[in-house]
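# What the coordinates show
As a plain string of letters, each chain reads:
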Amino acid sequence: QGSRDDTLISRVVEAPPPPPQGSRDDTFISRVVEAGAAWEPLVIANDSPVRKLKDIPYASESDMQKLDLYFPAAHPCVYLPAKPAFLPNQTAEATFPVLVHVHGGGWARGGKATWAHGAPSICKAAAANGMIAVSIGYRRGQYPDFVDDAARAVGWVRENIALVGGDVENVFLSGHSAGAHIASLMVVLHDRYLKPHNVPKSFIKGLTLISGVYNLFAPLSKALLDVKNKGFVLLYVWPSFGLDRSIRREASPLVLLETDTDTSLAGKAAMAAGARGWQMPSLPSWSADPAEIEKERGLNRHAAETLGVNTDSLPPVLVFSAQFDVGLQGDGEKMSLALRKYTETKYVYVMGADHGSICRSSKTHNEMAEFMLKNASR
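Counting restarts for each chain: residues are numbered from 1 in the order of the written sequence. The predicted origin of the model limits local features to residues at a pLDDT of at least 70 and limits the giving and counting of side-chain atom pairs to 80 or more, whereas totals for whole chains, interfaces and linings rest on all residues. In computing side-chain values, all of the structure's heavy atoms are included and hydrogens and water are not.

### Digging into the packing of helix α4 (residues 145-160) against helix α5 (residues 178-188)
The convention used is that axes are lines fitted to C-alpha atoms, helices contributing only their stretch in contact, and that angles between N-to-C directions extend from 0 to 180 degrees. Under the DSSP-based scheme used, a helix requires at least four consecutive residues in state H or I and a strand at least two consecutive residues in state E, with every element numbered from the N terminus. One way to put it is that α4 packs onto α5 with a least axis distance of 10 Å and a crossing angle of 70°. Between α4 and α5, the angle falls in the class roughly perpendicular. In contact with F146, V147, A150, A151 and V154 of α4, α5 contributes I182, L185 and M186. Residue polarity is assigned by list, with Asp, Glu, Lys and Arg as charged and Ala, Val, Leu, Ile, Met, Phe, Trp, Tyr, Cys and Pro as nonpolar; anything else, Gly included, falls into the polar class. Of the residues assigned to the contact of α4 with α5, the class counts are 8 nonpolar, no polar and no charged. Convention used here: angles under 35 degrees read as roughly parallel, angles over 145 as roughly antiparallel, angles from 65 to 115 as roughly perpendicular, and any remaining angle as oblique. Contact criterion: two residues are considered in contact whenever any of their non-hydrogen atoms come within 4.5 Å of each other.

Put into structure tokens, the structure is as follows:
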């Protein structure tokens, strides 16, 4: 098992010689199992065996601060007894590339193991392709808790993943929907979120963003009265980020990367009307006030400068949108264009997929595998 030449591990990383005796902590899994982690039965994903160790705590403030590990067929734990307690030194000879995934759910819902929110599909596909996949849970509902937790989980991966055979030189990050927002924000604001957990800028070898939200002011395609965006902000943004526009500004990765993004209220209405060739009524509330737009852009620039946006060392990025993506396609395109100014970026439009099914699409899985293979350290 594990000898297939089309798996990512066999194509990217040759098995190193066995580590010196005692150099690998063979009690690590024993300790996490004692702390409450549990093995799930072997499953088959894309014709390949995958084994999951679930509910490993990476922090202690909340029961949500746990992660799941998905192991590939070539990993020794896959065929150990039904409830393996530890990973013996003599069987852990290879190191496996790692994918860390952040689930979606509108910042207030979803979970690391919830089928509808995509994480199991993404992680099983990565494990079937020869990687160790990490699905992270996080405290939901209140910014910046969920971003802080995701960053802490990445720090946990950097410190611990080698103990279970993960390759710390080949770690990739992905996120779906709100998870794509979280993943992109902590990379764009590296010094605020990842640096405190001793994660260097070079640690993430590639970033995949799937049907994400990148502009908390107007992420959906615009209409004249902008009802969809107003509804989105009311239902999703306000409950998690509050009413303060400065908070939304600092938490909008697209705005931080592309500070000319129009975040003004009047400007949005005027842009929507102009796109349809309509003449705006001569009412002040409907007019695109250049002074207001420029003021907003100045605030965007100030936020980006103050926060220290990471533009000099962003990893390569793969951005996905679905054909039926609840209006988020435009936000994905804009994010890919903004990223392209600073790093190699590929934009993929998945025909026939919707906001949820894009995580289960073979197109998504194959593009991710190709992207990670291309950007892995050899």
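### Brief notes about the environment of R140
Along the chain, R140 falls in the loop between β6 (132-136) and α4. Judged by relative accessible area, R140 falls into the partly exposed class, the value being 37%. Each C-alpha atom of the pair R140 and G105 lies 9.0 Å from the other, and the pair is 35 residues apart in sequence. What R140 contacts, discounting residues up to four positions off in sequence, is M64, W107, A108, R109, G110 and G111. A polar side-chain atom of R140 sits 2.3 Å from the main-chain carbonyl oxygen of G110. The classification of residues rests on relative accessible area computed with a 1.4 Å probe and restricted to protein chains. Under 20% of the type maximum is buried, over 50% is exposed, and intermediate values are partly exposed. Nitrogen and oxygen atoms within 3.5 Å of one another constitute a polar contact, given that in protein one can donate a hydrogen and the other can accept it, and given that sequence-neighbouring residues count only through two side-chain atoms.

### Digging into the pattern of salt bridges
Here a salt bridge means any side-chain nitrogen of Lys or Arg lying within 4 Å of a carboxyl oxygen belonging to Asp or Glu. Following the criterion strictly, the structure yields 18 salt bridges and no others. Here K201 ties to D312 by a salt bridge, and the two come within 3.6 Å at their closest N and O atoms. Of this pair, K201 sits in the loop between α6 (190-193) and β8 (204-210) while D312 sits in the loop between α11 (290-307) and β9 (317-324), and the two are 111 residues apart along the sequence. Given a relative accessible area of 30%, K201 falls into the partly exposed group. D312 sits in the exposed class, given a relative accessible area of 66%. A single salt-bridge network, built from bridges that share partners, covers E40, K52, K54, D55, D68 and K112.

### Description of the pairing of strand β10 (residues 345-354)
Both faces of the sheet carry side chains from a regular strand, because those side chains alternate between them. One requirement defines pairing of two strands: DSSP has to find at least two bridges between them. Sheet topology places β9 next to β10; 7 bridges connect them, and they run parallel. The partner of F324 across the bridge, within β10, is D354. By definition, the crossover connecting two strands over a helix is right-handed if that path, from the first strand to the second, turns clockwise as seen with the strands pointing away from the viewer. In terms of handedness, the path from β9 via helix α12 (residues 329-340) over to β10 forms a crossover that is right-handed.

### Regarding the pairing of β6
Here β6 lies mainly inside the structure; 5 of its 5 residues are buried. Every second residue of β6 is oriented toward a common face, with I132, V134 and I136 on one face and A133 and S135 on the other, all of them buried. As paired strands, strand β4 (residues 66-71) and β6 are joined by 4 bridges and run antiparallel to one another. When the sheet's bridge partners are listed, L69 is paired in β6 with V134. What joins strand β5 (residues 96-102) to β6 is helix α3 (residues 119-128), and the crossover it makes is right-handed.

### Points about a nonpolar patch on the surface
Here, patches come from residues exposed beyond 30% relative accessible area and free of salt bridges, joined within 9 Å for like charges and within 5 Å for nonpolar side chains (Val, Leu, Ile, Met, Phe, Trp, Tyr). Each accessible area is a Shrake-Rupley result for a 1.4 Å probe, and residues are judged covered by the shown protein chains and nothing else. A contiguous nonpolar patch, built from L234, L235, W238 and L243 and spanning about 450 Å² of accessible area, is present on the exposed surface. Relative to the assigned elements, L234 resides in helix α7 (residues 227-241).

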